[in-house]
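Observations on the model geometry
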Amino acid sequence: MRAQRIGRRAVLSGLGAGLVLASPGNGTTAGSKPIGLRAIAASRGLAYGAALGLRSVDEDQALADAYTRECAVLVPEGDAKWAGLRPAAGVFRFDGLDRLLGIADRHGQSVRGHTLLWHEALPAWVPEALRAGQGYDILSDHIFTVVGRYRGRIPVWDVVNEAVAPDEGREDGLRPTPWLRALGPRCLDLAFKAARAADPGAVLMLNDHDLEYASPLQDRRRRAVLRLLETLLARGVPVDGLGLQSHLRIGRPFDPRILHRFIGEVAGLGLMVMITELDVGDAAVTGDIPTRDQAVADHASAFLDTVLDHACVKAVTCWGLSDRQSWLHHHPAGWRPDGQPMRPLPLDVELRPKPLWQALADAFRNAPKRSSAAWMPG
Ligand code: XIL
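This write-up is about the structure you can find in this document. (Residues numbered from 1 in each chain as written. Predicted model: local features only at pLDDT ≥ 70, side-chain atom pairs only at ≥ 80, totals over all residues. Heavy atoms only, no water.)

The next subject is the site of the ligand. Near the ligand you find Glu 77, Lys 81, His 114, Trp 118, Asn 161, Glu 162, Gln 245, His 247, Glu 277, Trp 319 and Trp 327, and these make up its full shell. Lys 81 is positioned such that a nitrogen or oxygen atom in its side chain is 2.8 Å from an oxygen atom of the ligand. A distance of 2.7 Å separates an oxygen atom of the ligand from a polar atom in the side chain of His 114. In isolation the ligand exposes 420 Å². Once the protein is present, 71% of that is buried. More than half of the atoms belonging to the ligand lie within 2 Å of the grid points that define the largest pocket. Of the residues contributing to the shell around the ligand, the split by class is 3 nonpolar, 4 polar and 4 charged. (Near = heavy atom within 4 Å. Polar contact = N/O pair within 3.5 Å; in protein donor to acceptor, adjacent residues only side chain to side chain. Areas by Shrake-Rupley, 256 points an atom, 1.4 Å probe, with all protein chains shown as cover. 1 Å grid on protein atoms, 1.4 Å probe; cavity = no way out; pocket = protein on both sides within 12 Å on 5 of 7 lines; lining within 4 Å. Sits in = over half its atoms within 2 Å of the grid points. Nonpolar A, V, L, I, M, F, W, Y, C, P; charged D, E, K, R; others polar.)

Below, the structure written as structure tokens:
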């Protein structure tokens, strides 16, 4: 095996940037076959993967191949949301999710389901049903049907997405969503309990955003999440882990000690942690592409070294794999003052590995080895 590693210093020198651009492989090869992040992560007992919108690979075989090479885990970017699954009351449309499962099966990949209870991506009939007092029935029916259909095949579910919003007026720090207004905080209990009943073997996650930085707001968000997890566990609600979305943004205040302590507190509750939606926004960085890409990689390195130090962190998934397909291209959070597209993901638009790819590879290689979880692909 010939290991060709492109170090951060070499990339900074400019020569390395040329090397990265000229290298169609991954900077690491086994014979002539490039080694993907999935293999590097697996060697440390970690699962690496990315969100996948099926449309992005339908007519893009090169991107599909990149997913096969790089990812042990696929996360449906939209196909498992209510908007994807539920065109009308009483109607389930499983074709997208079935297809994604088929891809995962063919390539020995695992799937993390995303997501069962969220205030976004709701078809118009849902708020109507909630106003009509049908919240309990539609939520339990949805979760029993969806999780039950994929019982034993989707080993991890983001059951609840984005549950806290401590500045939105509730004393308990919970986000006042249409679900919460209709059912109260017990909608969270219902979601987790229904998921456990529908697939007793699945790992059930609470997934939330803006928990990574040292700002006062994110501090309040961390407190709210910890309080929620403690409350749920005290009520006997079956929650197994916390997902940190990790939509990182260069320029926000990062303090590794604060994040490290927070993950330690989550682990102290007996929970596992996953990095679920990693990408890096570089709106605050000026300069040429190599400068920007290096800043993205450096920011991610500091973050990854901090989180992977904890053995409770079992998986890292990015929100997309290539800069071809980031959600940030269609979201205000993705705008740069110079109008250039964001470069938030490990592969560039030509599917070449970027310094962020190398940062992930280095962080995985340097991570303490952990026992891989039963749900991870072999
Ligand atoms: C985003 C998708 O990437 C977009 O394609 C879609 O239009 C909106 O949702 N946090 C989440 C994800 O938990 O589900 C969101 O995904 C991104 C923010």
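It is worth spelling out the pattern of salt bridges at this point. Per the stated rule, a full pass over the model turns up 25 salt bridges. Its salt-bridge partner being Arg 227, residue Glu 171 comes within 3.4 Å of it at the nearest N-O pair. With a gap of 56 residues between them, Glu 171 in the loop between β6 (156–161) and α10 (178–183) and Arg 227 in helix α12 (residues 216–234) connect regions that are remote in the sequence. With relative accessibility at 37%, the residue Arg 227 sits in the partly exposed group. Across the salt bridge formed by Arg 292 and Asp 282, the nearest N and O atoms sit 2.7 Å from each other. (Salt bridge = Lys/Arg side-chain N within 4 Å of Asp/Glu carboxyl O. Helix = DSSP H or I, 4+ residues; strand = E, 2+ residues; numbered from the N terminus. Buried < 20%, exposed > 50% of the residue type's maximum accessible area, 1.4 Å probe, protein only.)

Right, let's get into helix α15 (residues 355–366). Helix length check: α15 (12 residues) gives 16 Å between terminal C-alpha atoms against 16 Å at 1.5 Å per residue, within 8%. Burial of α15 is extensive: 10 of the 12 residues sit out of reach of the surface. Turning to α15, its buried residues number three or more, namely Pro 355, Leu 356, Trp 357, Gln 358, Ala 359, Leu 360, Ala 361, Asp 362, Ala 363 and Phe 364. (Expected span 1.5 Å × (residues − 1).)

In this section: the pairing of strand β3 (residues 47–52). With 6 of 6 residues buried, β3 lies mostly within the body of the structure. Sheet topology places β3 next to strand β11 (residues 313–318); 4 bridges connect them, and they run parallel. Within the sheet, the bridge partner assigned to Ala 47 lies in β11 and is Ala 315. Bridging between β3 and strand β4 (residues 73–76) involves 4 bridges; their strand directions are parallel. Looking across to β4, one finds that Ala 51 is bridged to Val 75. (Pairing = 2+ DSSP bridges.)

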